Amino acid sequence: MHMKMVFATGNPNKVREISQILDGRFDLVGLKDIGCTEEIPETTGTIQGNAIQKAMYVYENYGMDCFSEDTGLEVFALDMEPGVDTALYAGPQKDPEANMAKLLRNLEGKTDRKARFRTVIAFVKGGEVKTFEGIVEGKIALGKRGTKGFGYDPIFLPEGKDISFAQMDKDEKNKISHRGRAMNKFLSYLKGG
Ligand code: IMP
């Protein structure tokens, strides 16, 4: 008995990580599978708002229950930037190398390198929205470390570990990551209701 769930993302890295976490408990259906090939607007200015906006877009335009997620990296010494603009930090091409280089440059000479990832999952069922948040605290490394993962993983050192997300196996990252934590809350909710 597998429930079908639309996951409103075009990011294959997120699909991969979330599929691993779901571990076959649900059939994930992607945007392409439902014929949604247009870019979904992300214009609310907050991580939570954008997550809700994406899930509601699919519900309103395709009439399907679905969930989405939005993630941001918040750096304390930079007034919690890049935050909602994490993907576009170094420009519209969303290039992870350029994004990491810009962040390392902006932290040059700063002793406070504290940062956290925040994920919000929005679940829309019958037009009702529920959100689930996951946070992992940590700090920005002085340079890139490791080659696994994606995005800013090579420069993010999660609290309590002395390696970056990009030096971890996928299971180790999922266990403590922002996305893993938000997904666990979402899964508990699904199991309970
Ligand atoms: P968005 O949620 O697709 O807008 O992604 C926000 C930004 O955060 C992108 O630049 C992603 O590469 C980055 N990002 C999202 N999740 C992770 C992660 O688990 N590790 C590293 N970077 C991430």
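First, a word on scope: everything that follows refers to the structure included in this document. If you're wondering where the values come from, they're calculated on a predicted model, not measured in any experiment.

1. Brief notes about the overall build of the chain
Next up, step 1: A count of helical and extended segments in the chain gives five helices and seven strands.
Next up, step 2: Reading the secondary structure of the chain in the N-to-C direction produces β-α-β-α-β-β-α-β-β-β-α-α.
Next up, step 3: For a compact globule of 193 residues, the expected C-alpha radius of gyration is about 16 Å, and the chain comes in at 17 Å, within 12% of that figure.
Next up, step 4: Residues classed as buried in the chain amount to 45% of the 193 residues present.

2. Observations concerning the site of the ligand
Next up, step 1: Near the ligand, the surroundings consist of 14 residues, among which K14, D153, K173, H178 and R179 are the closest.
Next up, step 2: A distance of 3.0 Å separates a nitrogen atom of the ligand from a polar atom in the backbone of Y152.
Next up, step 3: Contact with the protein chains hides 89% of the accessible area of the ligand, taken as 490 Å² for the molecule alone.
Next up, step 4: The leading source of residues in the shell around the ligand is strand β3 (residues 66-75), at three residues.
Next up, step 5: Looking at the shell around the ligand residue by residue, the classes come out as four nonpolar, four polar and six charged.

3. A short note on helix α3 (residues 96-106)
Next up, step 1: Listed as buried for α3 are N99, M100, L103 and L104. Burial along α3 is one-sided: seen end-on, the buried residues are contained in an arc of 130°.
Next up, step 2: Here the buried face of α3 lies against β3 and β6 (128-140).

4. A word on the packing of aromatic side chains
Next up, step 1: With the rule as written, the count across this model stands at nine aromatic pairs.
Next up, step 2: Residues F117 and F165 carry aromatic rings whose centres are separated by 6.3 Å and whose planes lie at 20° to one another, so their mutual orientation is stacked. With F117 in strand β5 (residues 114-125) and F165 in the loop between β7 (156-158) and α4 (170-176), this residue pair connects regions lying 48 residues apart in the sequence.
Next up, step 3: Where F132 meets F186, the ring centres are 5.3 Å apart and the plane angle is 40°; that geometry is what we call tilted. Remark: F186 occurs in helix α5 (residues 178-192) and F132 occurs in strand β6; sequence separation between them is 54 residues.
Next up, step 4: On the basis of relative accessible area, F132 is assigned to the buried category, the value being 7%.

5. Here's the deal with the pattern of salt bridges
Next up, step 1: Scanning the model with the defined rule gives 16 salt bridges in all.
Next up, step 2: In this structure, E137 and R116 form a salt bridge, with 3.8 Å as the shortest nitrogen-oxygen distance. Highlighted residues: E137 in strand β6 and R116 in strand β5, separated in sequence by 21 residues.
Next up, step 3: Measuring nitrogen to oxygen at the nearest pair gives 2.6 Å for the salt bridge that ties R118 to E133. Residue R118 is located in strand β5, and its partner E133 is located in strand β6; the two are separated by 15 residues in the primary sequence.
Next up, step 4: Assessed through its relative accessible area of 31%, E133 is described here as partly exposed.
Next up, step 5: Each of the salt bridges in this network shares a partner with another, and the network as a whole consists of K14, E17, E69, D153, K173 and R179.

6. A closer look at helix α2 (residues 47-62)
Next up, step 1: For α2, which comprises 16 residues, the first-to-last C-alpha distance of 23 Å matches the rise-based estimate of 22 Å (1.5 Å per residue) to within 8%.
Next up, step 2: Those residues of α2 that fall on the buried side of the exposure criterion are I47, G49, N50, A51, K54, A55, M56, Y57 and V58.
Next up, step 3: Buried residues along α2 sit in contact with β1 (3-7), α1 (12-22), β3, β4 (81-83), β5 and β6.
Next up, step 4: Structurally, the start of α2 carries an N-cap: the backbone nitrogen of G49 is 2.8 Å from a side-chain oxygen of T46.

Criteria and thresholds
- Residues numbered from 1 in each chain as written.
- Predicted model: local features only at pLDDT ≥ 70, side-chain atom pairs only at ≥ 80, totals over all residues.
- Heavy atoms only, no water.
- Helix = DSSP H or I, 4+ residues; strand = E, 2+ residues; numbered from the N terminus.
- Rg over C-alpha atoms; globule rule 2.2 N^0.38 Å.
- Buried < 20%, exposed > 50% of the residue type's maximum accessible area, 1.4 Å probe, protein only.
- Near = heavy atom within 4 Å.
- Polar contact = N/O pair within 3.5 Å; in protein donor to acceptor, adjacent residues only side chain to side chain.
- Areas by Shrake-Rupley, 256 points an atom, 1.4 Å probe, with all protein chains shown as cover.
- Nonpolar A, V, L, I, M, F, W, Y, C, P; charged D, E, K, R; others polar.
- Arc of directions from axis to C-beta.
- Contact = heavy atoms within 4.5 Å.
- Phe/Tyr/Trp six-rings, centres within 6.5 Å; stacked < 30°, edge-to-face > 60°.
- Salt bridge = Lys/Arg side-chain N within 4 Å of Asp/Glu carboxyl O.
- Expected span 1.5 Å × (residues − 1).

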